[in-house]
Structure formats: structure tokens, C-alpha cells
Amino acid sequence: MNKELIIVLDFGGQYNQLIARRVRECGVYCEVQPYTMSIDDIKKKNPKGIILTGGPNSVYDMASPHYDKALFQCGIPILGICYGAQLMAWSLGGQVKTAPVSEYGKTEVTVASRKTLMKDVPDTTIAWMSHTDYIEKVPEGFEITAHTPVCPVAAFECDELKLYATQFHPEVEHSRQGKEILSAFVYGPCGCKGDWQMDSFVEATIKEIRDKVGDGKVLCALSGGVDSSVAAVLLSKAVGKQLTCVFVDHGLLRKNEGDEVEAVFGPDGAYDLNFIRVNAQQRFYDKLAGVTEPEEKRKIIGEEFIRVFEEEAQKIGAVDYLVQGTIYPDVIESGLGDSSVIKSHHNVGGLPDYVDFKEIIEPLRMLFKDEVRKAGLELGIPEYLVFRQPFPGPGLGIRIIGEVTEEKVKIVQDADFIYREEIAAAGLDKEVNQYFAALTNMRSVGVMGDFRTYDYAVALRAVTTNDFMTAEAAKLPWELIEKVTTRIINEVEHVNRVFYDCTGKPPGTIEFE
Ligand code: XMP
């Protein structure tokens, strides 16, 4: 069980979760809390240290978020970053003003003192700056530990009070010694020993869930994707058969996928939980008949998903908790210090409004995708599931351009299966971030044997991307494309042409609709 905790107080900056992640990378558990958390509540959690984040405001504007000065006198070591640094300086009698020159991006920082925070930083380093205000004068008793050509106070500290600050962002990758600085804080003044690993997260979360749920009933919408799978397994380890997972097969899954999910989570699988597979394929095909407009298709699939889930939930009866596999990138910051508002999930849009339950449990909301994967491996979830590429909630519904029919689903499933098989055989499945076959709505003339054909064209998509916000078309080997093309045309009925999509994002999107 991890005992050491660092609390990040969120003042609305864009890198707040990144700070938490970097601290966790140092081996110390860290969580983000809103800046409105009271000192008493902070103390109850017994943190080893507190980090104040950046934020878009100016401390001298009284409408900005402030914090009781007592925070700086409570004896818990504090690291202020950007706005957090300015807040510390301003609250304790220093001066903060609009900087004559704003600094954005990589900036050369000169170290003036290596006492504590900067102890592992060379004389000059590069750090990521993003500020329009600057600290003109540090409070009495504080020492300036770094500066830049235009910023007289790039870092400052007072060891006696255990207060430290940087105007720059050590959490951002571009800050060369960022990790050393965060590490110096948590292992120095905070006195951490580093007792956090993914296994302690898993263990602590299971215990937390068990304490919270007691003998309550828990419901989970399981999609078979990595997030909902990891969330479900955590819950299963915590409360066993008090958990019911509902898996809706909407008939728009990849080939064999429904059976694969059932094999892992169903009665013959490895987990102790109730598993309900709803074979709702025909319902979805009926609703989608004749519909061609992409947004309308998405809406129909989303709504029908809710209907099906709701009916199953009603059969189960009153549940106490609903589990969601929300992870940090799904969490949006809507307003200062309020990063706890969730985005309605693509896959289960609006679900909570329709199902009667007391509370939502989101065990992964603090984690980034790669951390979720680590947790999945720790929990013993099969690798092919943990490293599954993203698959959209509306599934093949948005990979079939135009009207969706059962016949078209079968075509795209078979073509996609071949494509995935060949990419894996070429050893490219980890290199290419997302790849799939889609069915264009185009039919064209071809010749097979001595016969004229008039059949569909399949499009192959493969992209490399870091964040799925932008992407490049993957430069797949030509021999691979050739092989996939031949196999698809030979093995999949009603396909006589294969295209490779060379479009990046932008201007394309990754999916076709
Ligand atoms: P686009 O097509 O917008 O996709 O470039 C970016 C990433 O998001 C995935 N995606 C979805 N995921 N529900 C999801 O859960 C959806 O409705 C959805 N639409 C797109 C897509 O596969 C890609 O990884």
C-alpha cells in the first residue's frame, strides 16, 4: 500500500495532470485536487508535499483564485509552479507584475544557487516558460535560485519554510532537468522514499473500492476496450460477483471481437463477475436501415446503445454504483480548479441520466493511457487486449460510408481481419498506431477470371500519431499493401478494388465518418 502522497492543487493550468504523472514517474503517488480544497481537507490526506500549478490568471487581480496564506505556514513542503510560484511570492509579501517581455517556449535558465531544488541542475539549462506576469521581488527570507535574461526570478526558495518555486514548467518534456527538479522536491524537503509503483496503485485502488462499495451492487458497461476492461477487472478484484458487466454487441464490432470479449470476461473467463452479453445486432441494423448521414448514424448508434443498456440495467434492478473507464484525457477542465467535470463519453454518451444509481466510480480518472495499460498488465489482462488499438464506440458503423447493412458489415470485417493479420505478420502492429479497413460506398467495374464484376472498393487506412489529434498516413511497404490487396480481392466476396488512404489529419480525420 502506498502511504506517501503529493497533492497537486489545480489552479487551471494546462499541464496539471502532467505534473501528477511526472511525480508518479519519480515513484511517489500524486493526485490532482481543485484549488478550492480546504487546508483541513488537505491535512486529513496527510500529504508529504503540495504542488501549486500554473493557471491563466494574475495574482494581483483579486478575482483570480487565491489561497489562504495559512497554507504557506502549515509546515507541509510546497512547490509553486508558474502561477503557483507567483501566488507564493505575492501571498508572502513579494511583488508580481506584468513582465516587460513575455516568455513562451524553450528558454535558457541560469542557476544561481544549488541548495535544494536546483541541486542537480547545471549552471545553465533549458526550461519551458509560458508567462506574461513575472516575480519582480521575492518575499523576505527567500533566495533567488535561477534567472533568465528577461526574468529576474525564474526560481526561488526558502529552505527554512520548505517553500520552493519555479516560474518555468519542470513537468514539460522540454524542460531538460524538469524531472531532476521534481525529484529534488519530493525526495528532498518532502522526505519521500518512493513507495509507489503501478502494483501499489492497483492494490490501493482495489482496497479503496472495496471500502466504498461495501456490499453494494455495481454495474459496468464493458466495451472490450482497454479502459473499460481495466476498470472492470479492478472492480471484479474488489467486489467479485457484486459487479455485473453488460457487454452490448451492436453488430458493428470487428470480426470475432464479441466472442473474444466473452472468452475473457464471460463464465469461462478468468474473472469473478457477472457477465451479460446482449446480442443486439439486429436492433442496430434495423435502426440504421436507409440512414446515410454520418452524424445521424452516430446518434442512432449512441441512442440505441443507451436503450439496450437501460433495459439490461432495469432487469438487474437497483444498482448502487456505475463504473466508468474514464481516463485523464477524457476529463476536461471546465473552469478553474474544476478539472473534475467529465466529458460525456463517446461510447456511453449520457448513460448516467438513464440509469438509476447512487454514484459513479471512475478508478482510472487520474491515469494516462500508458499508465492504464501498465495497470492492465499488472492485473494480468491479456496483452492483446491491453495493447488494443483504439476502436470507436460506433464501431464499423462509421467505417462503412453511407448506409450500413449486415452484408457490408461482413465485407468490412473480413477485409479488416486480413489487413490486421498481415500488418501483424509484417511486425508492424506496434509501430503503426491505428490501422483498419473501411468500406467505401463506391462500386466499380472490374474483371475476375473471364467475368465482368461490379463490386465494392475497400479503403485501407494506417496512421502514425502521438495523440490522435494529428496524424500522418503510415508509409507501409508496398509489398505489404500488394499482398493485402490480393488477399482481400481473392478472399472477400463483393470486393474488386482496394485503395490506400494517403491523407493525413488534418485535412482528413482518422475515421472516415
Ligand atoms: P478522428 O476520426 O476524429 O479520430 O480523427 C480520432 C481518434 O478517435 C477515435 N474515435 C472515436 N472513439 N468514439 C470513440 O470512442 C467515437 O465516436 C470516435 N470517433 C473517433 C478514432 O478511432 C481515433 O483513434
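The residue numbering used here restarts from 1 in each chain and proceeds along that chain's sequence as written. In keeping with the predicted nature of the model, local features appear solely for residues at pLDDT of at least 70, side-chain atom pairs appear and are counted solely at 80 or more, and the whole-chain, interface and lining totals rest on all residues. Excluding hydrogens and water, the side-chain figures rest on all heavy atoms present in the structure.

### Notes on the packing of aromatic side chains
Then comes step 1: By convention, a stacked pair of Phe, Tyr or Trp rings (six-membered ring in the case of Trp) has centres within 6.5 Å and planes under 30 degrees apart, an edge-to-face pair has planes over 60 apart, and any other such pair is tilted. Applying the stated criterion to the full structure yields twelve aromatic pairs.
Then comes step 2: With a centroid separation of 5.7 Å and an interplanar angle of 45 degrees, the aromatic rings of Phe11 and Tyr83 are classed as tilted. Here Phe11 is found in the loop between β1 (5–10) and α1 (16–25), whereas its partner Tyr83 is found in helix α3 (residues 83–91), with 72 residues between them in sequence.
Then comes step 3: Its relative accessible area of 0% is what places Phe11 among the buried residues.
Then comes step 4: Between Tyr419 and Tyr435, the aromatic rings sit 6.2 Å apart at their centres with planes inclined by 85 degrees, giving edge-to-face as the arrangement. Here the residue Tyr419 occupies a position in helix α13 (residues 406–425), and Tyr435 occupies one in strand β15 (residues 434–448), the gap between them amounting to 16 residues. Tyr435 matches Tyr419 in its accessibility class, with the two residues each being buried.
Then comes step 5: Grouping aromatic residues by their ring pairs yields a cluster made of Phe11, Tyr35 and Tyr83.
Then comes step 6: Only Lys NZ and Arg CZ are tested; either one counts as a charge over a ring when it is within 6 Å of the ring centre and within 35 degrees of the ring normal. Of note, Arg399 hangs over the ring of Phe436, and the distance from its end group to the ring centre comes to 3.7 Å.
Then comes step 7: In this arrangement the basic side chain of Lys430 is found over the ring face of Phe387, its NZ or CZ atom lying 5.7 Å from the centre. The helix count covers DSSP runs of H or I at least four residues long, the strand count covers runs of E at least two residues long, and both are numbered beginning at the N terminus. Residue burial is assigned from relative accessible area. The probe radius is 1.4 Å, only protein chains are included, and a residue is buried under 20% of its type maximum, exposed over 50%, and partly exposed in between.

### Examining the sheet that holds strand β12 (residues 274–279)
Then comes step 1: For two strands to pair, DSSP has to find at least two bridges joining them. The sheet built from five strands is open, its strands ordered β12-β11-β10-β13-β14 with parallel pairing. Of all strands in the sheet, those bounded by a partner on one side alone are β12 and β14 (359–361). The mean inter-strand angle of the sheet, taken between neighbouring strand axes irrespective of direction, is 25 degrees.
Then comes step 2: Relative to β14, strand β13 (residues 321–323) runs parallel, the two sharing three bridges. When the sheet's bridge partners are listed, Tyr321 is paired in β14 with Glu359. To get an axis, fit a line to the C-alpha atoms, keeping to the stretch in contact for a helix; angles then go from 0 to 180 degrees between the N-to-C directions.

### Regarding the sheet that holds strand β8 (residues 155–158)
Then comes step 1: Taken in spatial order, the nine strands line up as β2-β1-β3-β4-β9-β8-β7-β5-β6 in an open sheet, and their pairing is mixed. Sheet topology places β2 (29–34) and β6 (124–137) at the edges, where each strand pairs with a single neighbour. Ignoring strand direction, the axes of neighbouring strands in this sheet form an average angle of 20 degrees.
Then comes step 2: Two strands pair when backbone bridges link them, and strand β5 (residues 95–111) and β6 are joined in this way by twelve bridges, in the antiparallel orientation. For Val109, the partnering residue across the bridge sits in β6 and is Thr125.
Then comes step 3: Here α3 sits on the sheet in contact with β3 (49–52), β4 (78–81), β5, β6, β8 and β9 (163–166), set at roughly 115 degrees to β4. Note on contacts: a residue pair qualifies if any of its non-hydrogen atoms lie within 4.5 Å across the two residues.

### Some thoughts on the confidence of the model for the protein chain
Keep in mind that low pLDDT regions are not for reading the predicted coordinates in detail.
Then comes step 1: Values of pLDDT, the confidence the predictor places in each residue, fall between 0 and 100. Per-residue confidence for the protein chain gives a mean pLDDT of 92, with 95% of residues at or over 70.
Then comes step 2: Counting contacts from residues 332–349, a segment whose pLDDT is below 50, to residues more than four positions away or on other chains yields 46 contacts.

### Examining the site of the ligand
Then comes step 1: If a single non-hydrogen atom of a residue is within 4 Å of a molecule or strand, that residue counts as near it. Near the ligand you find 13 residues, and of these Arg298, Gln434, Lys505, Ile510 and Glu511 are the closest.
Then comes step 2: Polar contact is the term for a pair of N or O atoms within 3.5 Å; when the atoms are in protein, one must be able to donate a hydrogen and the other to accept it, and sequence-neighboring residues count only if both atoms are side-chain atoms. Contact distances for the ligand include 2.6 Å between an oxygen atom and a side-chain N or O atom of Arg298.
Then comes step 3: Lys505 places a side-chain nitrogen or oxygen 2.6 Å from an oxygen atom of the ligand.
Then comes step 4: Bound to the protein, the ligand loses 82% of the 490 Å² it would expose on its own. To be clear on the numbers: accessible area is Shrake-Rupley with a 1.4 Å probe, and residue cover counts the displayed protein chains and nothing else.

### Comments concerning the pairing of β2
Then comes step 1: A large share of β2 lies buried, amounting to five of its six residues.
Then comes step 2: When β1 meets β2, the two strands line up parallel, connected through six bridges. If you follow Ile7 over to β2, its bridge partner there is Glu31.
Then comes step 3: Whether a crossover is right-handed depends on one test, that the path from the first strand over the helix to the second runs clockwise when the strands point away from the viewer. You can see the chain leave β1, run along α1 and come back into β2, and the turn it takes is right-handed.

### Concerning the nonpolar core
Then comes step 1: Ranked by internal contacts, the top residues of the largest apolar core, which has 127 residues, are Leu9, Phe156, Phe265, Leu476 and Ile488.
Then comes step 2: Ignoring sequence-local partners within four residues, the contact set of Phe265 consists of Leu222, Ser229, Val233, Tyr271, Leu273, Phe275 and Leu385.
Then comes step 3: For this analysis, a nonpolar core means a set of buried residues of the types Ala, Val, Leu, Ile, Met, Phe, Trp, Tyr and Cys, connected via side-chain atoms within 4.5 Å. Counting 34 residues, the second-largest nonpolar core is a separate cluster that includes Val32, Cys82, Cys190 and Cys192.

### Let's talk about the side chain of Thr53
Then comes step 1: The residue Thr53 is located in the loop between β3 and β4 in this model.
Then comes step 2: Thr53 has contacts with Val8, Leu9, Asp10, Phe11, Gly12, Gly13, Asn16, Ile19, Ile81, Tyr83 and Gly84, leaving out every residue within four places of it along the chain.

### Points about the packing of helix α8 (residues 281–288) against helix α9 (residues 294–316)
Then comes step 1: Two numbers describe how α8 lies on α9: the axes approach to 10 Å, and their chain directions differ by 145 degrees. Read as a crossing pair, α8 and α9 show a hand that is right-handed. Contact residues: α8 offers Arg283, Phe284, Lys287 and Leu288, while α9 offers Lys297, Ile300, Ile301, Glu304, Phe305, Arg307, Val308 and Glu311.
Then comes step 2: Its residues placed into classes, the contact of α8 with α9 shows six nonpolar, no polar and six charged. We call a crossing left-handed when the near helix sits turned anticlockwise from the far one by less than a right angle, and right-handed when that turn is clockwise. Residues are sorted three ways: Asp, Glu, Lys and Arg are charged, Ala, Val, Leu, Ile, Met, Phe, Trp, Tyr, Cys and Pro are nonpolar, and all the rest, Gly among them, are polar.

### Notes on the state of the cysteines
Then comes step 1: Two cysteine sulfurs form a disulfide in these notes if their separation is within 2.5 Å. For the structure on display, the rule yields zero disulfides.
Then comes step 2: In this structure Cys30 is a free cysteine whose sulfur lies 9.5 Å from that of Cys26, the closest cysteine sulfur available.
Then comes step 3: Of all cysteine sulfurs, the one in Cys190 lies closest to Cys192, which takes part in no disulfide; the gap is 5.3 Å.

### Side note on the pattern of salt bridges
Then comes step 1: Take a side-chain nitrogen of Lys or Arg and a carboxyl oxygen of Asp or Glu: if they are within 4 Å of each other, that pair is a salt bridge. Scanning the model with the defined rule gives 38 salt bridges in all.
Then comes step 2: We note a salt bridge from Asp370 to Arg21, for which the minimum N-O separation is 2.7 Å. With a gap of 349 residues between them, Asp370 in helix α11 (residues 369–378) and Arg21 in helix α1 connect regions that are remote in the sequence.
Then comes step 3: For Asp370, a relative accessible area of 34% puts it in the partly exposed group.
Then comes step 4: Because the salt bridges share partners, they merge into one network encompassing Glu421, Glu422, Lys483, Arg487 and Glu491.

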